[in-house]
Structure formats: C-alpha cells, structure tokens
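Residues per chain are reported as follows:
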Amino acid sequence: RPRAARIIAPRSNRFFFRLTPRATQPRMLGSVLVAMLEKAKQSTGLQLTYMEFATTGVTIVGNETRTLFCVLFHDKADGEVFGKLLATEILSAFLHSYQNDLTRSV
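The structure contained in this document is the topic of the report that follows.

Thresholds applied
- The numbers attached to residues start from 1 for each chain and follow its sequence in the written order.
- Local features in this predicted model are restricted to residues whose pLDDT is 70 or higher, and side-chain atom pairs enter the listing and the counts only when it is 80 or higher, whereas totals over whole chains, interfaces and linings include all residues.
- To obtain the side-chain values, all non-hydrogen atoms of the structure were included, while hydrogens and water were left out.
- Only Phe, Tyr and Trp rings take part, Trp by its six-membered ring, and two of them pair if their centres are within 6.5 Å. Stacked means planes under 30 degrees apart, edge-to-face means over 60, and tilted covers everything else.
- Relative accessibility decides the category of a residue: with a 1.4 Å probe and only protein chains considered, values under 20% of the type maximum give buried, values over 50% give exposed, and everything between is partly exposed.
- Under the DSSP-based scheme used, a helix requires at least four consecutive residues in state H or I and a strand at least two consecutive residues in state E, with every element numbered from the N terminus.
- We call two strands paired when DSSP finds no fewer than two bridges between them.

What follows is about the packing of aromatic side chains. As enumerated under the stated definition, the model contains one aromatic pair in all. Taking the centre distance of 5.0 Å and the plane angle of 35° together, the rings of F94 and Y98 count as tilted.

Right, here's the structure in full:
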C-alpha cells in the first residue's frame, strides 16, 4: 500500500498532486528530490529510479516530455517492480486528467 505519492516539476519545484500527505515540509522534500535527480543525471547520465531504506522504498518515474516526476513512497516489502507499476499508473492518470492544464502551465 502506498504511503505517499507526489508529482513534481523540477524546473519550478511545484507539487501538483499529493496522495496521503506525509511530509511536514513538502517544499523541502521537493527540493531534496530535485537535487538528487539532477545530481544522479549529471554524475551517471542515468535517471534515479529507486531508493531503498530500512522500511521504505522510494520509486521515481519520470515523463521527460513534460518534465514531471511521480515520487512514490511505499513499503520496502512491495519491491521496486510493484512500486514502478504504481508510480507509472499514477503519473499516467495524472497526465491524462490534467493534460490541458499542463499545456498551459509547464
């Protein structure tokens, strides 16, 4: 079961969507995630897609065209593959639902 999901636009550091607000300082979390995404891309040329902590998995799925990312916080036991499936579906549904608004704002 997902603990939290966020859709962010790194260029503007804006949150568009939240599923179960977990972070007490969402702007700070967004800034840290954007910095990690950018550093990973610069250092390795690859996109950061998954992080694992003691009990939490963090899956990141991006849409390069829109420069949007879904960051999904979930139980570590769910695993990387299931986390990617959920994050991909959340981002896809978000893009479908808000495609007209995103054309104007991103």
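Let's shift gears to the pairing of strand β4 (residues 56–63). Taken across its eight residues, β4 has six buried, putting it largely inside the fold. Between strand β3 (residues 50–52) and the antiparallel strand that follows it, β4, lie three residues. Here β4 runs beside strand β5 (residues 68–75); their pairing, made up of eight bridges, is antiparallel. Bridging across to β5, G57 finds its partner in H74. Hairpin connection of β4 to β5: four residues between the antiparallel strands, including T67 at a positive phi of 55°.

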